[in-house]
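# Structural overview for review
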Amino acid sequence: MAEAEKNIVCIVDDDEAVRESLQILLETMGYAVHTFESGPDFLEACGTLEAGCVLLDVRMPRMNGLEVQKRLKDITPELPVIIVTGHGDVTMAVQAMREGATDFIEKPFQEDALLASIEHALTLAEQAQRRSETIAAVKSCLETLTAREREVFDQLIVGHANKVIARILDCSPRTVEIHRARVMDKMEAASVAHLVRMALTAGIEIDAD
């Protein structure tokens, strides 16, 4: 089972009986559950919720599940969505999966399939959270570099040797060595290969000569 803060399931369904039955089942299994009777109510609250996943009904008044999913991408794009469908809604569910939903579950629910889908979605949410934390850490390290250190960093990740960097930056190889050591220290990189991986993680495009 996921950690408590990662163990959140949001249920968005206009059918009160469905919400209540799902809530009882999931709370019995140890999940923290938030329920919403409409898409707009969920969208208003979802920006403040911790990592987890959402069970999203397709057919709802005011705003259907596909519309909710589309708007959700602008608020918390990495929140995994499991589409809940009734009879005849499979086409809509497939469309939702094309838009990034992790799975769709048909009513009436099969408990094992539902729980497996939720666990998969929560695993994806946890992975996304780790990626976000890693990216934030790399960007934080990058912000500690001076302008000259960032220039050296940019040259290192494209594979340039110290002498080449010295010529490009119009400085001595010894100066490059000093800046290189500082870059490796500040970035907490064990090697240039590690530095390259960090750059890619941060979304930096690397155009090698």
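Details of the structure are given in the entry above.
My aim in this report is to walk through the structure given alongside it, one point at a time. Computed from a prediction, not measured in an experiment: that's the story for all the values here.

### What to know about the packing of helix H6 (residues 147–156) against helix H8 (residues 173–186)
- One way to put it is that H6 packs onto H8 with a least axis distance of 9 Å and a crossing angle of 85 degrees. Considering their axes alone, H6 and H8 lie roughly perpendicular with respect to each other. In contact with Arg148, Glu149, Val152, Phe153 and Leu156 of H6, H8 contributes His179, Arg180, Arg182, Val183 and Lys186.
- Counted by class, the contact of H6 with H8 contains 4 nonpolar, 1 polar and 5 charged residues.

### Observations regarding the pattern of salt bridges
- In this structure the tally under the stated criterion is 8 salt bridges.
- In this structure, the salt-bridge partner of glutamate 151 is arginine 148, at a minimum N-O distance of 2.9 Å. Here the residue glutamate 151 and the residue arginine 148 both occupy positions in helix H6, the gap between them amounting to 3 residues, near one helical turn.
- Note on arginine 148: relative accessible area 30%, which makes it partly exposed.
- Overlapping salt bridges, with partners in common, bring together Asp13, Asp57 and Lys107 in one network.

### Quick word on the environment of isoleucine 178
- Structurally, the position occupied by isoleucine 178 is in helix H8.
- Judged by relative accessible area, which is 35%, isoleucine 178 ranks as partly exposed.
- Here the alpha-carbon distance between isoleucine 178 and glutamate 143, two residues 35 residues apart in the chain, equals 18 Å.

### What about the sheet that holds strand S3 (residues 52–57)?
- If you walk across this open sheet you meet the 5 strands as S2-S1-S3-S4-S5, and the pairing is parallel. Each of the sheet's edge strands pairs with one partner strand only, and the pair in question is strand S2 (32–36) and strand S5 (103–106). Averaged over all pairs of adjacent strands, the angle between strand axes in this sheet comes to 20 degrees, irrespective of strand direction.
- One ladder, built from 4 bridges, connects strand S4 (residues 81–85) with S5; its direction is parallel. Looking across to S5, one finds that threonine 85 is bridged to glutamate 106.
- Its contacts with the sheet place helix H3 (residues 65–75) against S3 and S4, and it is angled at close to 150 degrees to S3.
- Sheet strands in contact with helix H5 (residues 111–142) are strand S1 (8–12), S3, S4 and S5, and its direction is about 130 degrees off that of S3.

How each quantity is defined
Residues numbered from 1 in each chain as written. Predicted model: local features only at pLDDT ≥ 70, side-chain atom pairs only at ≥ 80, totals over all residues. Heavy atoms only, no water. Axes fitted to C-alpha atoms, helices over the stretch in contact; angles between N-to-C directions. Helix = DSSP H or I, 4+ residues; strand = E, 2+ residues; numbered from the N terminus. Parallel < 35°, antiparallel > 145°, perpendicular 65-115°, else oblique. Contact = heavy atoms within 4.5 Å. Nonpolar A, V, L, I, M, F, W, Y, C, P; charged D, E, K, R; others polar. Salt bridge = Lys/Arg side-chain N within 4 Å of Asp/Glu carboxyl O. Buried < 20%, exposed > 50% of the residue type's maximum accessible area, 1.4 Å probe, protein only. Pairing = 2+ DSSP bridges.

What is shown is where atoms sit, not what they do.
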